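Chain by chain, the residues run as shown.
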Amino acid sequence: MKTKVVSLLLCVLMLVPGSFVCAAELPSTDNTHKELVQDAVDTLEDFGYEIVDVDVVDDNQKFIEVDSIEELEDYLNTFEKLDNEYSVEIQPYNPLSRASGAHTVDWYNPFAGFDGLTLVCWSNVDFSYDYKTVNGRPQYTSITDISSYLTGISMTSWNQTSYSTSYSAKYSTKDTCTAKVNGYYLLGVSIGGQPIGASRKDTWTATLTLVP
């Protein structure tokens, strides 16, 4: 009789939802978390990012906190729309035949948050140059330095690695300089409490024209 009762109880436990038999077939929380982190890594790589040590991310930089891959994709899709090219015209202040000058070409580059907030951020390229005036028209003689950086509020940091310059004529000979600045963005992502560092190479293009 006892044997029959025990056998009956075992059968009931196997049929009851949430019993130890069913629970043993469920994936563990640790495995689910690892899969989420790996999905985030795969998504970043799909968008052209390279995974880096989180210690590389700027200490003052805020990590983007997301709970799902969809949230991460929303941010990365917004980031793809940022403008990396701008041009301006300026009039040199010094009327001398030869002089030096400096100017910052800056443009608005909004970085989107995840709560509908548009963050305020600018890309900046500093030109340091020498020029001369010929027949009342300024023209470049050399570029002494180019530097680039972000200002305002952003969810990434920008690191310049190199630059190249070229000259062209818009109104007169050699009055326009175009700088192509190479560098990479650093991004910090926290998904499910797990921090991930990522970098992506990019190029900014800034053009500065000297006018009489």
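Conventions and cut-offs
Residues numbered from 1 in each chain as written. Predicted model: local features only at pLDDT ≥ 70, side-chain atom pairs only at ≥ 80, totals over all residues. Heavy atoms only, no water. Buried < 20%, exposed > 50% of the residue type's maximum accessible area, 1.4 Å probe, protein only. Helix = DSSP H or I, 4+ residues; strand = E, 2+ residues; numbered from the N terminus. Pairing = 2+ DSSP bridges. Contact = heavy atoms within 4.5 Å. Axes fitted to C-alpha atoms, helices over the stretch in contact; angles between N-to-C directions. pLDDT = per-residue confidence, 0-100. Phe/Tyr/Trp six-rings, centres within 6.5 Å; stacked < 30°, edge-to-face > 60°. Lys NZ or Arg CZ within 6 Å of the ring centre and 35° of its normal. Patch = residues over 30% accessible without salt bridge, like charges linked within 9 Å, V, L, I, M, F, W, Y side chains within 5 Å. Areas by Shrake-Rupley, 256 points an atom, 1.4 Å probe, with all protein chains shown as cover. Salt bridge = Lys/Arg side-chain N within 4 Å of Asp/Glu carboxyl O. Arc of directions from axis to C-beta.

Caption draft 1: Spotlight on the pairing of strand S10 (residues 176–191). Of all 16 residues making up S10, 13 are buried, and the element is well covered by its neighbours. Where strand S2 (residues 64–66) and S10 come together, 3 bridges link them in parallel fashion. Bridge pairing in S10 links isoleucine 64 to valine 189. Pairing geometry for strand S9 (residues 156–168) and S10, over 12 bridges, is antiparallel. Along S10, the bridge assignment pairs threonine 165 with alanine 179. Two elements, S10 and strand S11 (residues 194–210), share 16 bridges in a ladder whose sense is antiparallel. Considered in S11, the bridge of threonine 178 is made with threonine 207.

Caption draft 2: How the structure looks around the environment of asparagine 77. Looking at where asparagine 77 falls in the secondary structure, it is placed in helix H4 (residues 69–79). With 30 residues separating them along the chain, asparagine 77 and phenylalanine 47 place their C-alpha atoms 8.6 Å apart.

Caption draft 3: View of the side chain of aspartate 202. If you trace the backbone, aspartate 202 turns up in strand S11. For aspartate 202, the contacting residues outside a window of four places in its chain are Asn84, Trp158, Val181, Asn182, Gly183, Tyr184 and Tyr185.

Caption draft 4: The arrangement of the sheet that holds strand S4 (residues 98–108) in detail. Reading across from one edge, S4-S7-S8 is the order of the 3 strands in this open sheet, with antiparallel pairing throughout. The outermost strands of the open sheet, each flanked by one partner alone, are S4 and strand S8 (137–152). If you compare each strand with its neighbour and ignore which way they point, the axes differ by 20° on average. For S4 and strand S7 (residues 121–134), the ladder comprises 11 bridges, and the chain directions are antiparallel. Its bridge partner being in S7, alanine 102 is matched across the sheet by serine 128.

Caption draft 5: Region of interest: the confidence of the model for the protein. Confidence along the protein averages 81 in pLDDT terms, with 80% of residues attaining 70 or more. Segment residues 2–28: pLDDT under 50, and 4 contacts once partners within four positions in sequence are set aside and those in other chains are kept. This stretch, residues 112–117, has a pLDDT under 50; its non-local contacts, to residues over four places away or in other chains, come to 9 contacts.

Caption draft 6: Focus on the packing of aromatic side chains. By the definition in use, this model includes 8 aromatic pairs. Taking 5.8 Å as the distance between ring centres and 70° as the angle between the ring planes, the aromatic pair formed by tryptophan 107 and tryptophan 204 counts as edge-to-face. Of this pair, tryptophan 107 sits in strand S4 while tryptophan 204 is found in strand S11, placing the two residues 97 residues apart along the sequence. Residue tryptophan 107 is classed as buried on the basis of its relative accessible area of 3%. Between the aromatic rings of tyrosine 129 and tyrosine 140, the centroid separation amounts to 5.4 Å while the plane-to-plane angle is 75°, which identifies the pairing as edge-to-face. Linking tyrosine 129 in strand S7 with tyrosine 140 in strand S8, this pair joins segments that are 11 residues apart in sequence. With a relative accessible area of 1%, tyrosine 140 lands in the buried category. Pairwise contacts between aromatic rings join Tyr86, Trp107, Trp158, Tyr185 and Trp204 into one cluster. Positioned above the aromatic ring of tyrosine 167 is the side chain of lysine 174, whose terminal nitrogen or guanidinium carbon lies 4.6 Å from the ring centre.

Caption draft 7: Broad picture of a nonpolar patch on the surface. On the surface, Tyr108, Val120 and Trp122 cluster together into a nonpolar patch covering about 260 Å² of accessible area. With respect to the element layout, valine 120 can be found in the loop between strand S6 (118–119) and S7. For valine 120, a relative accessible area of 34% puts it in the partly exposed group.

Caption draft 8: View of H4. Regarding H4, the residues found buried are Ile69, Leu72, Tyr75, Leu76 and Phe79. Down the axis of H4, the buried side of the element spans an arc of 125°, and every buried residue falls inside it.

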